[in-house]
Amino acid sequence: MMFSFILSPVAYGAKCCVRNLTFTLALPFSVAGAAFAEPVTIFALGDSLTAGYGLPEGEGLVPQLNQWLADQGADVTVLNGGVSGDTSAGGLSRLAWSLTDEVDAMIVTLGGNDLLRGLQPSVTRANIEAILTEAQTRQLPVLLIGMEAPGNFGPAYKTAFDQLYPELAAQYGAQHIGSYFGLIDADATDPGQIAQYMQADGIHPNAAGVKRAVESLGPQILTLVDQLD
């Protein structure tokens, strides 16, 4: 079951902190009998949850995910396209120059800062749709990780925001994960149940929380890579 977080002004990297970490892995890929002739590069477009806000460089999402992939023997590199404080509009604005020729697929994790600013779901939807359209034009498979609106925005807002991710994923043929925080504990119904996996702000995961998220996300990345066969 997914759950919602009440956002505070410190959420999603209000102290702008950009970490671009690139790890190149060159190991044979033999997961589930699959074999890839060439290395795979995935661009992770996101905000502070992707950037690794509040964590030492080696403990953020991208380095932990790259280590997980390496441990599976996957010749896959995830590039850190996380910018703390970024909205869906910010992600869209830098997408074209971020997608170099080496990029084979994308992870998109945006929307938390849209919620923080109280942007209308229609605005977020338009930006995410534009990102998926660009990926489709470039024939890049996408894994879209959703966010859930807190209940204090009202039921209509929450319904519109929560539904935009699965609806756009279905429309554009993207893989979909319902909630980033659900990667940490899919069964939790209250943020307090994962407090031990969160930083003091209650919004960003600590290193242990990221580790749990990576253990859930990793197999989804391998599925994304399978689409490149």
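This is a predicted model, so every value here is computed, not measured. (Residues numbered from 1 in each chain as written. Predicted model: local features only at pLDDT ≥ 70, side-chain atom pairs only at ≥ 80, totals over all residues. Heavy atoms only, no water.)

1. Describing helix H8 (residues 207-226)
The periodicity of an α-helix, 3.6 residues per turn, causes residues three or four positions apart to be oriented the same way.
And then number 1: With 20 residues, H8 extends 28 Å between its outermost C-alpha atoms, agreeing within 8% with the 28 Å of an ideal straight helix rising 1.5 Å per residue.
And then number 2: Remark: the principal bend of H8, roughly 30°, maps to Leu217, with a proline, Pro219, within the next four residues.
And then number 3: Buried residues belonging to H8 abut strand E1 (40-46), helix H2 (61-71), strand E2 (76-82), strand E3 (105-109), strand E4 (142-145) and strand E5 (175-177).
And then number 4: Measuring from the side-chain oxygen of the N-cap residue of H8 to the backbone nitrogen of Ala208 gives 3.1 Å; that N-cap residue is Asn206. (Helix = DSSP H or I, 4+ residues; strand = E, 2+ residues; numbered from the N terminus. Expected span 1.5 Å × (residues − 1). Bend = angle between axes of the 7 residues up to and from the residue. Contact = heavy atoms within 4.5 Å. Polar contact = N/O pair within 3.5 Å; in protein donor to acceptor, adjacent residues only side chain to side chain.)

2. Considering the packing of aromatic side chains
And then number 1: Scanning the model with the defined rule gives four aromatic pairs in all.
And then number 2: With 5.7 Å between their ring centres and 65° between their planes, Phe161 and Tyr165 make a pair best called edge-to-face. With Phe161 and Tyr165 both in helix H7 (residues 155-172) and four residues apart, this pair spans about one turn of that helix.
And then number 3: Note on Phe161: relative accessible area 0%, which makes it buried.
And then number 4: The exposure class of Tyr165 is buried, given its relative accessible area of 1%.
And then number 5: Through pairs of rings, three or more aromatic residues link up here, namely Phe153, Tyr157, Phe161 and Tyr165. (Phe/Tyr/Trp six-rings, centres within 6.5 Å; stacked < 30°, edge-to-face > 60°. Buried < 20%, exposed > 50% of the residue type's maximum accessible area, 1.4 Å probe, protein only.)

3. With respect to the pairing of E4
And then number 1: Side chains Val142 and Leu144 of E4 all project onto a buried face; the interleaved residues Leu143 and Ile145 project onto the opposite face, where all are buried too.
And then number 2: A crossover connection joins E4 to the parallel E5 through H7; in handedness this β-α-β unit is right-handed. (Right-handed = clockwise from strand over helix to strand, strands pointing away.)

4. A short note on empty space enclosed by the protein
To find leftover empty space, a probe the size of one water molecule is rolled over the atoms.
And then number 1: The final tally for this structure, using the stated rule, is three cavities of 30 Å³ or more.
And then number 2: Considering only enclosed or pocket space, the largest cavity measures out at about 60 Å³ in volume.
And then number 3: For the largest cavity, the full set of lining residues is Ala44, Thr50, Leu61, Val62, Leu65, Val78, Ile107, Thr109, Ile145 and Leu217.
And then number 4: Put simply, the parts of the chain that give the lining of the largest cavity at least two residues each are H2 and E3.
And then number 5: For the lining of the largest cavity, the element with the most residues is H2, which contributes three residues.
And then number 6: In terms of residue class, the lining of the largest cavity is made up of eight nonpolar, two polar and no charged. (1 Å grid on protein atoms, 1.4 Å probe; cavity = no way out; pocket = protein on both sides within 12 Å on 5 of 7 lines; lining within 4 Å. Points joined across faces, edges and corners; volume = space filled by probe spheres on them. Nonpolar A, V, L, I, M, F, W, Y, C, P; charged D, E, K, R; others polar.)

5. Brief notes about unusual backbone geometry
And then number 1: For Gln139, which is not glycine, the phi torsion reads 60° and is therefore positive.
And then number 2: Along the chain, Gln139 falls in the loop between helix H6 (121-137) and E4.
And then number 3: Look at Gln139 and you get exposed, because its relative accessible area is 71%.

6. Considerations on the nonpolar core
And then number 1: Judged by nonpolar contacts, the single largest core of 61 residues is most densely connected at Ile42, Leu69, Met106, Ile128, Tyr180, Leu217 and Ile221.
And then number 2: Among the secondary structure elements, those contributing two or more residues to this core are E1, H2, E2, E3, H6, E4, H7 and H8.
And then number 3: With eight residues, H8 is the single largest residue contributor to this core.
And then number 4: The contacts of Ile42, once residues within four sequence positions are left out, are Val76, Thr77, Val78, Leu79, Ala105, Met106, Ile107, Ile221, Leu224 and Val225. (Core = buried A, V, L, I, M, F, W, Y, C linked by side-chain atoms within 4.5 Å.)

7. Side note on the packing of H2 against H8
And then number 1: Contact geometry for H2 and H8: axes closest at 9 Å, N-to-C directions at 50°. The pairing of H2 with H8 is recorded here as oblique in orientation. Handedness of the crossing formed by H2 with H8: right-handed. Packed against H2, whose contacting residues are Leu61, Gln64, Leu65, Trp68 and Leu69, the element H8 presents Ala207, Val210, Lys211, Val214, Glu215, Leu217, Gly218, Pro219, Ile221 and Leu222 at the interface. (Axes fitted to C-alpha atoms, helices over the stretch in contact; angles between N-to-C directions. Parallel < 35°, antiparallel > 145°, perpendicular 65-115°, else oblique. Left-handed = near helix turned anticlockwise from the far one by under 90°.)

Any functional reading would require information beyond the geometric quantities listed.
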